[in-house]
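A structural walkthrough
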Amino acid sequence: MCGIVGILGTSPATPRILESLKRLEYRGYDSAGIATIEDGKLDRRRAPGKLGALEDALKASALSGNSGIGHTRWATHGEPTEANAHPHMTHRVAIVHNGIIENFRPLKEELLGKGITFEGETDTEVVARLLTSYLDEGMPPRDAFHKTLTRLVGAFALCVLISGEDDLMFGAREGSPLVVGFGEGENYLGSDAMALASLSNRLIYLEEGDWAELTHAKVQVFDPAGNPVERPTTISQVAATMVDKGNHRHFMQKEIFEQPTVVAQALGRYLDPNAGKVRLPQMPFELATVPKVTLVACGTSFYAAQVARYWIEKLARVPAEVDIASEFRYREPVYMHGGLAIFISQSGETADTLAALRHAKAAGQRVAALVNVMGSTMAREADVVLPIHAGAEIGVASTKAFTCQLSVLAAFAIDLAAAKGQIDETQEAAFVEELETTPKLMAQVLHHDEDIAKIARSIAHARDVLFVGRGIHFPIAMEGALKLKEISYIHAEGYAAGELKHGPIALIDENVPVIGIAPEDDLIDKTVSNLQEIMARQGKVILLSDGAEKEAEGMYAHLSMPSAGELVTPILYAIPVQLLAYYAAVEKGTDVDQPRNLAKSVTVE
Ligand code: G6P
């Protein structure tokens, strides 16, 4: 899982590739590298670590040439060392790769058997050596590349340069996305439209199994059998301007503070406050006929799905099931005729979620993609797209995408309830009005920034932190724990408050902070009782609530939240748990925007 880019250009390639790699760092940042071709000769620079390390390497030793390929890596096979960094090179080829070559072991054995030696441990090097072996046998480049592709099993997007061939670049797509871009006397390849945003907005999205031969003058696309095929050219809407941090120290902080604005933006696209109605995008089916909703996602998006289940079942009385995408298809889900499957993904590219989408589609389900990135693979393959309008999210830990997902899912639940006749027009208008208050209340929560920072500093050096909540706030507890783990590396777990006494309470002592998410609702008394049980065992309870003033007295800390209904509270309570994680990470001095071992978009299963 990585980001790749290729430029067959007419001006120095290295700075342009670096600019593209900056846009691709969300796909991984374990190492980076660039190879160029000049006068038929291949050359490369690679560096373990983030892109800055590669920039330093290039300052120390520049890389000339107008054409080149670049890579930013999220390690799958082999540690993130320089030897395992892409591009992989032989005396004939330079290759960058996104994905996994599943049959790399037998291929490696075969090549070793022919006396071919290897430098690193990556599956990608096998592709480089295999292609080289065909070129060395005398095959013309196009045949050699095609033959190589026929030998590969797995998910991959590839970009290839061949020594002696200044006017040639190959690309291939199988499982991992690859886009072709067109310029003036130049052509490009990239993992996505964002990679090419500063180069071109005229794009072809390669289809599964497609491969492409680029020269400066033209691009030819072939199918897996090697027959030329035509693919439609689209105009990308991705803006070329790089998003900056503004006055904030980190993208994550900026994105947390942007939430009232982007949530208002998202709700503006889905709510018609004058009519008191929800307006969803045109659906190719009647919502009223949907017998069941299946929600599938990974990571933070999965917690958005869990919250949505409560809304869908409570308001629309439609059964809803929620699955982690990596588990979904393997449990052989029972689909219901006419069922609606919603795939939630900020990036629209997460491999497991995409595979689940294809599984549901092949089974004849109605398929919706709730994504932030329009033009992403999920958006292109779904029957209906529900955009979340969060704007580019750069911080690896998802924040504003989460609250925008929730906002759109809340609107969806209201519309489904109306379509099903579970709520009348007056009730729909009341729900719309309630949801409309969200941005204003979110801004109020953000005013507590300083108080939350203080609490965060007091938990930053804990070894374990627990988050507890009930009902619709249980997923928010899990999201809070995920945020804290991701960026501060503190071990954290989210529990249903009532479940604590079935095991986790054994962890409690005076060193374990417990964050209680307890809005004033039907369940508050029960949650507060669970928190008292923790206090009785010396646990350090931090209460997030708009109620329980009296009970809060003996607690370690109490953050007073604004009051709201259940359509809004999960969105509001997302903010303090995001800020707790953020300030704990700042206190610990971790790399907030690019935490270790993670990537923003996980394009391998
Ligand atoms: C990665 C990210 C998470 C994200 C998850 C799902 O693991 O680190 O922050 O929630 O992928 O990503 P998606 O783009 O599908 O929402």
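Residues numbered from 1 in each chain as written. Predicted model: local features only at pLDDT ≥ 70, side-chain atom pairs only at ≥ 80, totals over all residues. Heavy atoms only, no water.

1. What about the site of the ligand?
This is how the line gets drawn: Residues are labelled near a given molecule or strand when at least one of their non-hydrogen atoms is within 4 Å of it. Residues adjacent in sequence count toward polar contacts only when both atoms are side-chain atoms; beyond that, a polar contact is any pair of N or O atoms within 3.5 Å, and within protein one must be able to donate a hydrogen and the other to accept it. We get accessible surface area from the Shrake-Rupley algorithm with a probe of 1.4 Å; when it comes to residues, only the shown protein chains can shield them. The pocket and cavity definitions rest on a 1 Å grid over protein atoms only: a 1.4 Å probe that fits but cannot leave marks a cavity, an open set with protein on both sides within 12 Å along at least five of seven lines marks a pocket, and residues lining either have an atom within 4 Å of a point. Cavities and pockets are treated as containing a molecule whenever more than half of the molecule's atoms lie within 2 Å of their grid points. What counts as a helix is a DSSP run of H or I of at least four residues, what counts as a strand is a run of E of at least two, and both are numbered from the N terminus. When residue character is reported, Ala, Val, Leu, Ile, Met, Phe, Trp, Tyr, Cys and Pro are called nonpolar, Asp, Glu, Lys and Arg charged, and the others, Gly included, polar. Per the annotation, domain bounds derive from an automatic or database assignment of domains.
Among the 14 residues in the neighbourhood of the ligand, the closest are listed as Ser 301, Ser 345, Gln 346, Ser 347 and Thr 350. Between an oxygen atom of the ligand and a main-chain N or O atom of Gln 346, the distance comes to 2.7 Å. A distance of 3.1 Å separates an oxygen atom of the ligand from a polar atom in the backbone of Ala 599. Relative to its unbound accessible surface of 390 Å², the ligand loses 90% to contact with the protein. Judged by its atoms lying within 2 Å of the grid points, the ligand is housed in the second largest pocket. The dominant element in the shell around the ligand, judged by the number of residues it contributes, is helix α8 (residues 299-316), at 3 residues. Among the residues forming the shell around the ligand, the class breakdown is 4 nonpolar, 8 polar and 2 charged. Shared between two domains, the shell around the ligand holds at least three residues of each, these being domain 2 (246-436) and domain 3 (449-605).

2. Comments concerning unusual backbone geometry
Peptide bonds are mostly trans, and most non-glycine residues show a negative phi. Where we set the bar: Three exposure classes are used, based on accessible area relative to the maximum for each residue type with a 1.4 Å probe and protein chains only: buried under 20%, partly exposed in between, and exposed over 50%.
Pro 87 follows His 86 through a cis peptide bond whose omega is -5°. On the secondary structure map, Pro 87 appears in the loop between β4 (67-73) and β5 (88-89). Phi is positive for Arg 317, which is not a glycine, with a value near 55°. By the element assignment, Arg 317 lies in the loop between α8 and β19 (320-324). Judged by relative accessible area, which is 57%, Arg 317 ranks as exposed. A positive phi is found at Asn 597, a non-glycine position, where the angle reads about 70°. Of note, Asn 597 is situated in the segment after α18 (569-588). Its relative accessible area of 55% is what places Asn 597 among the exposed residues.

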